[in-house]
Amino acid sequence: MLLHLDQRTELAYRALLLLDEVDDGPATSKDIAARLDLSPDYLVKVLAPLTRAGWIASTRGPAGGYRLSTSLEHLCVLDLIEAVEGKVDREKCMHGDSRNPATEVCTLHDPWIRARDALLTELEETPIALAGLASPK
Amino acid sequence: MRLELTKKTDLAFQALSVIADSNGERVNGSKLAALLDISTQYLPHVMAPLTRAGWVSSVSGPRGGYTVTTRLDNISLLDLIEAVEGPIDDSRCLHLGPLHDPVGDCDTDMACALHGPWTKARKALLDELSATQLNDMIVVHG
């Protein structure tokens, strides 16, 4: 069970940092794609969850492009991961388990939830703005 | 994002609990399958990682069955999960690897942008799992 992030999550994170640095109007998708070394088509897929979350906004036209519409200080790394990869189902321990977690739990429930919470808490406590500075313990 | 175990891991743990609770007696495969509420055909799939890890031995034949060959306080929940589901940490953060290094490890020389927080969070999970011994989780079966 490899614990990996989706590559799009890392790209979305770098796109947010890049937009945070831009202070002279919106960044064009061509610029962002070039900076992230992506095709324009793939960039659209990377940015879609950020637009959906309301963190970036786009404007059309010759002077159009993308800009941040929130402060990165308000976002944690878990927000980013869940925006791109979907919400973590905190009630569920096992893949494909159809039991109702409120009434019947698996035998690994408590220790697994404790371990998963330790991971999620770390991600919740790391603001996106500081993520690049966080170093492994 | 899915942070879930497979049912097979839960079944493997239940199997270990039953066998460890049998006071050294061999536990017959049919009885074990019935206790776990799985088919006798599926049971070997559940038991294979446990025998491969050297925690359980099996004897075939009419008087055969499974016995535990180690103490459960020597096995952590991390050991069990990795025995059944494979390693959790392969030194990479991203599913496809960072773009600039699609085949290499995500180490500090060539790290992806989320390396710091992800490594720290994954370590928190691994520390919890490795600090939990299976004998502390045993539920006695009837």
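Just so it is clear, the structure is predicted and the values come from calculations on it, not from any experiment.

A.B. asks: I'd love a proper account of the overall build of chain A, names of residues and values included.
C.D. replies: Secondary structure assignment for chain A yields six helices and two strands. Listing every helix and strand of chain A by position from the N terminus yields α-α-α-β-β-α-α-α. A compact globule built from 137 residues would reach a C-alpha radius of gyration of about 14 Å, whereas chain A, at 18 Å, exceeds it by more than 25%. A principal-axis box enclosing the C-alpha atoms of chain A has dimensions of 60 × 35 × 25 Å. Within chain A, buried positions represent 32% of all 137 residues. Restricting the contact set of chain A to residue pairs at least 6 apart, pairs at least 24 apart contribute 60%.

A.B. asks: An account of the overall build of chain B is requested, with residue identities and associated values reported.
C.D. replies: In terms of regular secondary structure, chain B is built from five helices and two strands. Out of the 142 residues belonging to chain B, those deemed buried represent 39%. Across chain B, contacts joining residues at least 24 apart in sequence account for 58% of those joining residues at least 6 apart.

A.B. asks: Can you explain the nonpolar core? Please cite residues and give values.
C.D. replies: Judged by nonpolar contacts, the single largest core of 72 residues is most densely connected at A12(A), A15(A), A12(B), A15(B), L16(B) and I19(B). Apart from the residues within four sequence positions on either side, A12(A) is in contact with V46(A), P49(A), L50(A), L80(A) and V84(A).

A.B. asks: Tell me about the interface of chain B and chain A, and please be specific about residues and values.
C.D. replies: Counting from both sides, the interface comprises 44 residues of chain B and, opposite them, 43 residues of chain A. Residue assignment for the side of chain B that touches chain A shows that the elements contributing at least two residues are helix 1 (7-20), helix 4 (77-85) and helix 5 (115-131) of chain B. Looking at which element gives the most residues to the side of chain B that touches chain A, the answer is helix 5 of chain B, with 12 residues. In the side of chain B that touches chain A, the residues fall into 24 nonpolar, eight polar and 12 charged.

A.B. asks: Residue-level account of the environment of I56(A), with values.
C.D. replies: All names here are of chain A. Note that I56 resides in strand 1 (residues 56-59). Among the residues examined, I56 registers 21 C-beta atoms within 10 Å and is labelled buried. Between the C-alpha atom of I56 and that of L119, which follows or precedes it by 63 residues, the distance is 27 Å. Each residue touching I56, except ones within four places of it in the same chain, is listed here: L19, L47, L50, T51, Y66, R67, L68 and S69.

A.B. asks: Which residues make up the pairing of strand 1 (residues 56-59) of chain B, and what values do they have?
C.D. replies: Within a regular strand, the side chains alternate between the two sheet faces. All names here are of chain B. In the sheet, strand 1 pairs with strand 2 (residues 65-68) via four bridges, with the strands oriented antiparallel. The residue of strand 2 that forms the bridge with V56 is V68. Counted along the chain from strand 1 to the antiparallel partner strand 2, the turn is five residues long, and its residue G61 has a positive phi close to 105°.

A.B. asks: Explain helix 1 (residues 7-21) of chain A to me, using residue names and the numbers behind them.
C.D. replies: Between its first and last C-alpha, helix 1 of chain A extends 22 Å over 15 residues, near the 21 Å set by a 1.5 Å rise per residue. Where helix 1 of chain A is buried, its residues contact helix 2 (29-36), helix 3 (40-52), strand 1, strand 2 (65-68), helix 4 (77-85) and helix 6 (128-131) of chain A.

A.B. asks: Lay out the packing of helix 1 of chain B against helix 3 (residues 43-52) of chain B with the relevant residues and their values.
C.D. replies: Residue and element names in this part refer to chain B. Taken N-terminus to C-terminus, the directions of helix 1 and helix 3 make an angle of 70°; their axes are 9 Å apart at the nearest point. When the interaxial angle is binned, helix 1 and helix 3 end up roughly perpendicular. Where helix 1 crosses over helix 3, the two elements pack in a sense that is right-handed. Across the interface between the two elements, K8, L11, A12, A15 and L16 of helix 1 pack against V46, M47, P49 and L50 of helix 3. Partitioned by chemical class, the residues of the contact of helix 1 with helix 3 number eight nonpolar, no polar and one charged.

A.B. asks: How would you sum up unusual backbone geometry? Please name residues and give values.
C.D. replies: Leaving glycine aside, a negative phi is the common case for residues, and trans is the common case for peptide bonds. Residues and elements named next belong to chain B. Phi at N23 is positive, roughly 55°, even though this residue is not glycine. The backbone of D37 shows a phi angle near 60°, a positive value even though the residue is not glycine. Locating D37 in the fold gives a position in the loop between helix 2 (29-36) and helix 3. The exposure class assigned to D37 is exposed, which follows from the 8 C-beta atoms found within 10 Å.

Rules and cut-offs
- Residues numbered from 1 in each chain as written.
- Chains lettered and ligands numbered in written order.
- Predicted model: local features only at pLDDT ≥ 70, side-chain atom pairs only at ≥ 80, totals over all residues.
- Helix = DSSP H or I, 4+ residues; strand = E, 2+ residues; numbered from the N terminus.
- Rg over C-alpha atoms; globule rule 2.2 N^0.38 Å.
- Buried ≥ 20, exposed ≤ 12 C-beta atoms within 10 Å, placed from the backbone.
- Contact = placed C-beta atoms within 7 Å.
- Core = buried A, V, L, I, M, F, W, Y, C linked by C-beta atoms within 7 Å.
- Nonpolar A, V, L, I, M, F, W, Y, C, P; charged D, E, K, R; others polar.
- Pairing = 2+ DSSP bridges.
- Expected span 1.5 Å × (residues − 1).
- Axes fitted to C-alpha atoms, helices over the stretch in contact; angles between N-to-C directions.
- Parallel < 35°, antiparallel > 145°, perpendicular 65-115°, else oblique.
- Left-handed = near helix turned anticlockwise from the far one by under 90°.

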